[in-house]
Amino acid sequence: MRVVEAFRAAFGASPQTVWHAPGRVNLIGEHTDYNDGFVLPFAVPWGVTAALTPRDDDTIRVLSLQSDSGQPVTMASREESRGWTRYVVGVLAMLGDRVRGADIAIDGDVPSGAGLSSSAALEVSVASALNDVHALGMTPMELALLSQKAENDFVGMPCGIMDQAASALCEEGHALFLDCRSLGSRNIPLDLASHGLSMLIIDTQVHHEHAGGEYAKRRAECESAARKLGVAALRDVTDLGGALARLQGDERKRVEHVVAENHRVEALVGLLRAGAVTEIGALLNASHLSLRDLYEVSSPELDVAVEASLKGGARGARMTGGGFGGSAIALVPLERLDSVKESVSNAYAERGFKAPRFLPATAAKGAHRVS
Ligand code: GAF
């Protein structure tokens, strides 16, 4: 394994453990996680592999096979961490004095900037490796929560739990139905191929700079609306009409999205359980329109990807993840794959957008030890 070879070359011995954690796409349930709602992500076949040996001092050495220098970054303490190393050091920091330093080599193949949660994969791979070598006995959900805390408190991104939970808990061939309040989850079989369907990822190759600030703003709007409505979180809104009558402007739109999106997750899970996977397209489309018009987190590239894939024969399509660029997903009958790709490529070329990248999405396994 090349990450093990790189570890040996950099640090002069074999790693004590090697863990892989995947990125994700979200089938449905967008911007619901931090509203205590429901999500339905599945793990993708790309992720991060972390080879790790603990140290008995506070030094942290991290080598990324994707970094240009080819050299490990050496930090005498957690405070020295900068840039991408914060995702790694943040996990160590959240473990406090349960761990000291570590030598770590990282190899990732999540398509960069595609919005497929490479940062969650990085955090969860390192958290899983540390849990293993230090015999901490943490469950996959505890590792997901630790990774989310590293991202919230150390990196400074106020994300919800979805991406880390997907990376830690998903099962091959299944989507993860997660209640972000109780943290209870169920693996829902996602059998597309036997229905003649596939899930296509359309990577817009665009990531808008202001995404982080807009994400925090949406979250703050939801929290403000929940306070006005006297509920702990938007998950608790039971009378949508009554709630909307008490709100105005952006907050009104955000609430309408979140409440309906939670119902769409439950409806989609119901269809999957009933074996009616061919029927989920309308829910994907409705989710996209709501994210575009009510939550206002789509982008021209995402909208064109969705519209053109439907025109090319997709059964449903939507943006996936936080938005403002990243990827869309399309549910495509196998015999229409070429026509969907052609339709999207042509639409992008007509508008002068950068050519999109197409990736097949199969539901992969969550974090696991590889050596
Ligand atoms: C990003 C966040 F990291 C997730 O927690 C989630 O809120 C998602 O955007 C939107 O559904 O991926």
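Everything below is about the structure shown above.
Residues numbered from 1 in each chain as written. Predicted model: local features only at pLDDT ≥ 70, side-chain atom pairs only at ≥ 80, totals over all residues.

A. A look at the sheet that holds strand 12 (residues 357-361). Spatially, four strands are ordered 10-11-9-12 in an open sheet, and the strand pairing comes out antiparallel. Strand pairing shows two members of the sheet lacking a second neighbour, strand 10 (316-320) and strand 12, which therefore form its edges. Each adjacent strand pair in this sheet contributes to an overall mean axis angle of 25°, direction not counted. By the bridge criterion, five bridges tie strand 9 (residues 197-207) to strand 12 in an arrangement that is antiparallel. Within the sheet, the bridge partner assigned to Ile202 lies in strand 12 and is Phe358. (Pairing = 2+ DSSP bridges. Helix = DSSP H or I, 4+ residues; strand = E, 2+ residues; numbered from the N terminus. Axes fitted to C-alpha atoms, helices over the stretch in contact; angles between N-to-C directions.)

B. Representation of the packing of helix 8 (residues 249-273) against helix 9 (residues 281-293) within the structure. Contact geometry for helix 8 and helix 9: axes closest at 10 Å, N-to-C directions at 165°. Considering their axes alone, helix 8 and helix 9 lie roughly antiparallel with respect to each other. Our pair here, helix 8 against helix 9, has a crossing hand that is left-handed. Facing helix 8, whose interface residues are His257, Ala260, Glu261, Arg264, Ala267 and Leu268, helix 9 presents Leu283, Ala286, Ser287, Ser290 and Leu291. (Parallel < 35°, antiparallel > 145°, perpendicular 65-115°, else oblique. Left-handed = near helix turned anticlockwise from the far one by under 90°. Contact = placed C-beta atoms within 7 Å.)

C. The arrangement of the site of the ligand in detail. Around the ligand, the neighbouring residues are Asn26, Glu30, His31, Asp33, Tyr34, Cys159, Gly160, Met162, Asp163, Gly321 and Gly322. Considered class by class, the residues forming the shell around the ligand number three nonpolar, five polar and three charged. (Near = placed C-beta within 6 Å. Nonpolar A, V, L, I, M, F, W, Y, C, P; charged D, E, K, R; others polar.)

D. Spatial organisation of unusual backbone geometry. In this structure, His31 takes a positive phi of about 60° despite not being glycine. Among the secondary structure elements, His31 is positioned in the loop between strand 1 (17-26) and strand 2 (38-39). Backbone geometry places Gln205, a non-glycine residue, at a positive phi of 60°. Counting through the fold element by element, Gln205 comes out in strand 9.

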